[in-house]
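Letter by letter, the chains look like this.
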Amino acid sequence: MSPTQEHEFLLELVRNRPSLVATLLTEMGVPVPDFDEARLESPDFTDCVPTEYRADSVVVLADGKPLSGIVLEVQRAYRDEKTWSWPVYLATLRARLKCPCTLLVFCPDTRVAVKCGRPIDMGHPGWSLRPIVLGPEQVPMITDLERAVAEPELTALSAIVHGSTEEGFKVLQTFHDAHEHLPEELKSYSDLVLSVLPEFVVAKFKEISMAMGTNYEPRSKLVREWVDHGIAQGEAKAVLRILEGRGLTVPEEARERIHTCEDSDLLLAWVDRALIVESADELFAEEAESGH
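These remarks concern the structure in this document. (Residues numbered from 1 in each chain as written. Predicted model: local features only at pLDDT ≥ 70, side-chain atom pairs only at ≥ 80, totals over all residues. Heavy atoms only, no water.)

All right, on to the sheet that holds strand 1 (residues 37–41) then. Spatial strand order, 1-2-3-4-7: five strands in an open sheet with mixed pairing. Each edge of the open sheet is held by one strand with a lone partner, namely strand 1 and strand 7 (132–134). Averaged over all neighbouring strand pairs, the angle between strand axes comes to 25°, with direction disregarded. One ladder, built from six bridges, connects strand 2 (residues 57–62) with strand 3 (residues 66–74); its direction is antiparallel. Bridge pairing in strand 3 links Val 59 to Ile 70. Where helix 2 (residues 20–27) meets the sheet, its contacts fall on strand 2, strand 3, strand 4 (101–106) and strand 7, and the angle it forms with strand 4 comes to roughly 85°. (Pairing = 2+ DSSP bridges. Helix = DSSP H or I, 4+ residues; strand = E, 2+ residues; numbered from the N terminus. Axes fitted to C-alpha atoms, helices over the stretch in contact; angles between N-to-C directions. Contact = heavy atoms within 4.5 Å.)

Shown next, in the form of structure tokens:
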């Protein structure tokens, strides 16, 4: 199963440049040690505990020996069970590396960020884990071209987080301008950014490209699939929103059929039908008649 772009984009950037987590912590005023190397560490914590525990990503800052371990978690929704697993991640990583460890939680949604930032009372007097939470407000808006070229991963994250906001046009333009100055192996970051942004923002980015005399096309087969998947998901949501907005009941089976459909042409047909049908079942009437 392909990873969803909403969950994976920051993890992909960190896989390409693990030191990005140190940059993000510094941006938030969290001190990090001077290090010579940032490397990925196994995110699997099952070696020390019987229950399976696995973080989204783990980065080690080192100068020959580990100086700091950073657990990176991506949370699109608040999950109460994380208050039990996050302390396990830190304690296990600390025991493995024998150095201080930090929990960094990225939340694309501000409301989720507030919830994830609540202190976790460990029960022992004076021991409370306060997750360091990176929400949209904590991601810098990169509008300086020199910085964008020097820090392409941070710029990609900035474009993803701020590109669809009212102030984000300048961020997108800076990201586009920096793209031409990047090494060939990093130019696929445009693929990553456009796979996550809403369709109207992607259209805006392509308008910028055309105005600058360039024509952007996705380089990566995986990202082309992500883009197609993202468009299909948007069309599926439109079908459901129209049906529910008209006060029609959408059974779970119909909801699942709409959500799992990857045929963009069929989804567009359902969007049109959703405006006139009298029930969710009527939406699929033509497919039933044709034997699909």
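There is more to say, and it comes next.
What describes two packed helices is the angle between their axes and the distance between those same axes. As a packed pair, helix 2 and helix 6 (residues 152–162) sit with axes 10 Å apart at the nearest point and diverge in direction by 65°. Relative to helix 6, helix 2 is oriented so that their crossing is right-handed. On helix 6, the residues that touch Leu 20, Thr 23, Leu 24 and Glu 27 of helix 2 are Glu 153, Leu 154 and Leu 157. Tallied by class, the residues present in the contact of helix 2 with helix 6 amount to four nonpolar, one polar and two charged. (Left-handed = near helix turned anticlockwise from the far one by under 90°. Nonpolar A, V, L, I, M, F, W, Y, C, P; charged D, E, K, R; others polar.)

To describe a pair of aromatic rings, you give the distance between the ring centres and the angle between the ring planes. Following the criterion strictly, the structure yields two aromatic pairs and no others. Between Phe 9 and Phe 106, the aromatic rings sit 5.8 Å apart at their centres with planes inclined by 80°, giving edge-to-face as the arrangement. On the criterion of sequence distance, the pair formed by Phe 9 in helix 1 (residues 5–16) and Phe 106 in strand 4 is long-range, its members being 97 residues apart. Residue Phe 9 is classed as buried on the basis of its relative accessible area, which comes to 4%. Owing to a relative accessible area of 1%, Phe 106 belongs among the buried residues under this scheme. Taken together, a centroid distance of 5.1 Å and an interplanar angle of 80° make the contact between Trp 270 and Phe 284 edge-to-face. Taken together, the positions of Trp 270 in helix 12 (residues 264–274) and Phe 284 in the loop between helix 12 and helix 13 (285–290) put the pair 14 residues apart, joining distant regions of the chain. Overall, the relative accessible area of 1% leaves Trp 270 in the buried class. Judged by its relative accessible area of 8%, Phe 284 falls in the buried class. Lying over the aromatic face of Tyr 78, Arg 118 brings its terminal NZ or CZ to 6.0 Å of the ring centre. Sitting over the ring of Phe 284, Arg 257 keeps its end group 4.1 Å from the ring centre. (Phe/Tyr/Trp six-rings, centres within 6.5 Å; stacked < 30°, edge-to-face > 60°. Buried < 20%, exposed > 50% of the residue type's maximum accessible area, 1.4 Å probe, protein only. Lys NZ or Arg CZ within 6 Å of the ring centre and 35° of its normal.)

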